[in-house]
Amino acid sequence: MIRLLHGDCLAMLKEVEPGSVDLILCDPPYSSGGTHAGDRKASTTAKYTDNDFNGAARLPAFSGDNMDQRSFTAFMRWVCSELRQKTREGGILEMFVDWRNLPAMTDAVQMAGWVWRGVVVWDKGISRNQPGRFRNDCEFVVWCSNGDLPIDWKAAKGTKALPGVYHVPIVAPKQRFHQTEKPVELLESLLAICPPGGTVLDAFMGSGSTGVAAVKTGRSFIGMELSDQYFDTATKRIQEAEDELLNDF
Ligand SMILES: C[S@@+](CC[C@H](N)C(=O)[O-])C[C@H]1O[C@@H](n2cnc3c(N)ncnc32)[C@H](O)[C@@H]1O
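Residues numbered from 1 in each chain as written. Predicted model: local features only at pLDDT ≥ 70, side-chain atom pairs only at ≥ 80, totals over all residues. Heavy atoms only, no water.

Attention now goes to the packing of aromatic side chains. The final tally for this structure, using the stated rule, is two aromatic pairs. Centre to centre, the rings of Phe75 and Phe204 are 6.2 Å apart; their planes meet at 70°, and the pair counts as edge-to-face. One end of the pair, Phe75, is in helix H3 (residues 69–86); the other, Phe204, is in the loop between strand E7 (199–202) and helix H6 (209–216), and 129 residues separate them in sequence. Both rings, one in Phe96 and one in Trp122, keep their centres 6.4 Å apart while their planes meet at 85°; by these two values the pair is edge-to-face. Highlighted residues: Phe96 in strand E3 (residues 87–97) and Trp122 in strand E4 (residues 115–123), separated in sequence by 26 residues. Pair check on accessibility: Phe96 and Trp122 agree, each one buried. The ring of Phe96 has Lys182 lying over it, and the distance from NZ or CZ to the ring centre is 5.4 Å. (Phe/Tyr/Trp six-rings, centres within 6.5 Å; stacked < 30°, edge-to-face > 60°. Helix = DSSP H or I, 4+ residues; strand = E, 2+ residues; numbered from the N terminus. Buried < 20%, exposed > 50% of the residue type's maximum accessible area, 1.4 Å probe, protein only. Lys NZ or Arg CZ within 6 Å of the ring centre and 35° of its normal.)

Leaving glycine aside, a negative phi is the common case for residues, and trans is the common case for peptide bonds. A positive phi angle, near 45°, is found at Ser31, a position not held by glycine. Within the element layout of this structure, Ser31 appears in the loop between strand E2 (21–26) and helix H2 (44–48). Exposure remark for Ser31: the relative accessible area of 1% places this residue in the buried category.

Attention now moves to the environment of Ala192. Mapped onto the secondary structure, Ala192 falls in the loop between helix H5 (184–190) and E7. Expressed as a C-alpha distance, the spacing of Ala192 and Thr217, which sit 25 residues apart in the sequence, is 8.8 Å. Those residues within four positions of Ala192 in sequence are excluded, and the remaining contacts are Leu162 and Arg219. (Contact = heavy atoms within 4.5 Å.)

Here we come to the pattern of salt bridges. Inspection of the entire model under this criterion finds nine salt bridges. Put simply, Glu139 and Lys124 hold a salt bridge, and the shortest N to O gap is 2.8 Å. With Glu139 in strand E5 (residues 138–145) and Lys124 in the loop between E4 and E5, this residue pair connects regions lying 15 residues apart in the sequence. You can call Glu139 buried: its relative accessible area is 11%. The buried category is assigned to Lys124, whose relative accessible area is 17%. Across the pair Glu181 and Arg237 runs a salt bridge, and its minimum N-O distance is 3.7 Å. (Salt bridge = Lys/Arg side-chain N within 4 Å of Asp/Glu carboxyl O.)

This brings us to helix H4 (residues 102–111). Those residues of H4 lying buried are Ala104, Met105, Thr106, Ala108 and Val109. Looking at the packing, one finds that the buried side of H4 touches H3, E3, E4 and E5. Phi turns positive one or two residues past the end of H4, at Gly113, with a value near 100°.

The residue Asn101 is located in the loop between E3 and H4 in this model. A distance of 3.4 Å separates the side chain of Asn101 from the backbone oxygen of Ser31, its partner in a polar contact. Here Gln69 takes part through its side chain, which lies 3.1 Å from a polar atom of the side chain of Asn101. Setting aside anything within four residues of it in sequence, one finds Asn101 in contact with Tyr30, Ser31, Arg40, Gln69 and Phe72. (Polar contact = N/O pair within 3.5 Å; in protein donor to acceptor, adjacent residues only side chain to side chain.)

With that settled, the discussion passes to the pairing of E5. For E5, the buried fraction is high: six of the eight residues fall into the buried class. For E3 and E5, the ladder comprises six bridges, and the chain directions are antiparallel. Looking at the pairing, Met95 lines up with Val142 of E5. The pairing of E4 with E5 spans eight bridges and is classified as antiparallel. Looking at E5, one finds that Trp116 is bridged to Cys144. (Pairing = 2+ DSSP bridges.)

Below you can see the structure in the form of structure tokens.
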């Protein structure tokens, strides 16, 4: 089952049945970029894209990415609280974030009532060059559970732990559908914590990469997106993924 909702996720979430979701996997606007508070006010095109011919700067900028840290924490707390209402007991939350807002995100999820369980690392293998300094070539996934998450050691016999670090290259800017697109391969790995056939929700789906990963791994998907253009792109990509699956059969 695929359900795509066009609009502000805080309004759209009202359409979702409480307790019906197994896994929330979201890539919200990071409200990041640069090293000073003023840098956050720039457009996503200036902050996150290159201007090379046909690079990601050709794609539409998106909104919701200019919050200061206090507003970001308050917004994420609000969204994560609504998301928790929609998640079953023992369900999982995975929230992408970069190094600048990692502390704000771990505060927000806990304030929203989630049990914070750890931080998964996405090693992108690339970053801006800073001679003599450490590279910022990783992004992070803050993961949590809705309440207790007991391990049934008997049933889990033979099951391995999921990796805590993923080495997956970024999508090449010229091949992107979204300015800050996440690789489907990475998202498929992050879906492994969701039971087969379970329901995945992405409240900031952008070009629909999480939806494509859900279709490819046989899970139901609920996606939300504010931007008209990105909603259309997501609808098209997810439909194509479904068609491909049917053709394979
Ligand atoms: C970081 S991008 C997601 C990119 C996505 N992971 C992909 O691979 O294409 C965040 C998206 O959230 C959308 N957005 C911003 N505020 C929103 C809101 N309040 N409700 C729903 N979507 C929102 C933006 O338009 C943007 O496309």
